[in-house]
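This is what each chain is made of:
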Amino acid sequence: MSGHPSHKAESPDSRESASQLGMVWAQTTKGVIGRGGTMPWHLPEDLKHFSSLTTGHPVIMGRKTWESFPPKYRPLPGRTNIVVTRQEGWAGTPEAEGAVVVSSLDEALLESQFAPGNDHVWIVGGGEIYRQSMGLADVAVVTEIDSDVEGDTYAPELGEHWRRESTDPAEGWLESKNGTKYRIATWRRTED
Ligand SMILES: NC(=O)c1ccc[n+]([C@@H]2O[C@H](COP(=O)([O-])OP(=O)(O)OC[C@H]3O[C@@H](n4cnc5c(N)ncnc54)[C@H](OP(=O)(O)O)[C@@H]3O)[C@@H](O)[C@H]2O)c1
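Residues numbered from 1 in each chain as written. Predicted model: local features only at pLDDT ≥ 70, side-chain atom pairs only at ≥ 80, totals over all residues. Heavy atoms only, no water.

**Topic: the site of the ligand**
Lining the immediate environment of the ligand, one finds 28 residues, of which A26, R63, T65, T85 and Q87 sit closest. Between the ligand and A26, the relevant distance is 2.8 Å, taken from a nitrogen atom to a main-chain nitrogen or oxygen of the residue. At a separation of 2.6 Å, an oxygen atom of the ligand approaches a polar side-chain atom of Q87. Expressed as a share of its isolated accessible area of 940 Å², the protein-covered part of the ligand is 89%. Elements represented by at least two residues in the shell around the ligand include exactly strand 1 (20-28), strand 2 (32-34), helix 2 (63-68) and helix 4 (127-133). (Near = heavy atom within 4 Å. Polar contact = N/O pair within 3.5 Å; in protein donor to acceptor, adjacent residues only side chain to side chain. Areas by Shrake-Rupley, 256 points an atom, 1.4 Å probe, with all protein chains shown as cover. Helix = DSSP H or I, 4+ residues; strand = E, 2+ residues; numbered from the N terminus.)

This is how it looks when you write it as structure tokens:
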């Protein structure tokens, strides 16, 4: 991680952190990432991809994304789930059970440095949190779904300061068992 003081947070053994900060999301061709508090598609292959990328590492998310997971699926297993909220007292509510609750993105980044697997830290949404992380993250792993479904939450635009490094596959699309076409693009931040 680079370009932000909290990335240099001291780890528990006081060594300088060398974490990589990544963002990961899935979006339609028009940039939709959510609708009505959930994701408006069914793509099991992407859930698997998300899981293999993030398991073993801390994940940081906004309170709305946390609440988009059904209670029986949270916290996301094998990951320290760090949830950001401005609501004082939310940490004491039943909804917060299983989350490490913090009150700012800076605090989330600091907290992540004390979690297992902190060599990679993943920002997992949603729209508000991605937007605030654009100048902080080193990499963005974006599943592009060949769909024009409507939504109410959008991914940030990875334009200036971001370089599209690779896609899987290099050309064309992968195809889900359910016929949905998708591909995974990796973007890297080029400067502050
Ligand atoms: N397609 C994907 O890959 C993907 C991934 C994740 C989420 N999503 C979708 O995205 C949608 C949710 O995204 P969203 O933008 O509405 O919400 P969000 O980013 O998940 O959460 C927003 C909330 O986070 C808290 N927050 C944000 N910035 C903060 C800050 N600087 N300090 C403290 N707290 C802060 C606030 O919580 P309080 O209101 O509690 O103060 C805010 O209301 C859902 O539809 C979800 O399904 C999609």
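That was the structure; now back to the text.
**A short note on the confidence of the model for the chain**
Across the chain, pLDDT averages 92, with 90% of residues at or above 70. The model gives residues 1-16 a pLDDT under 50, and that stretch makes 31 contacts with residues more than four places away or in other chains. (pLDDT = per-residue confidence, 0-100. Contact = heavy atoms within 4.5 Å.)

**Some points on the side chain of S112**
Looking at where S112 falls in the secondary structure, it is placed in helix 3 (residues 105-112). A distance of 3.2 Å separates polar atoms of two side chains, one belonging to S112 and the other to Q113.

**A few points about the environment of H49**
With respect to the helices and strands, the residue H49 is situated in helix 1 (residues 44-54). Spatially, the C-alpha atom of H49 lies 27 Å from that of E160, the residues being 111 residues apart in sequence. Leave out the neighbours within four places in its chain, and H49 touches V141, T143 and I184.

**Section: the pattern of salt bridges**
Inspection of the entire model under this criterion finds six salt bridges. Of the charged contacts, one joins E144 and R164 as a salt bridge, the two residues approaching to 2.7 Å between their closest N and O atoms. Linking E144 in strand 7 (residues 139-145) with R164 in strand 9 (residues 162-168), this pair joins segments that are 20 residues apart in sequence. Sharing partners across several salt bridges, the network here consists of E144, R164 and R183. (Salt bridge = Lys/Arg side-chain N within 4 Å of Asp/Glu carboxyl O.)

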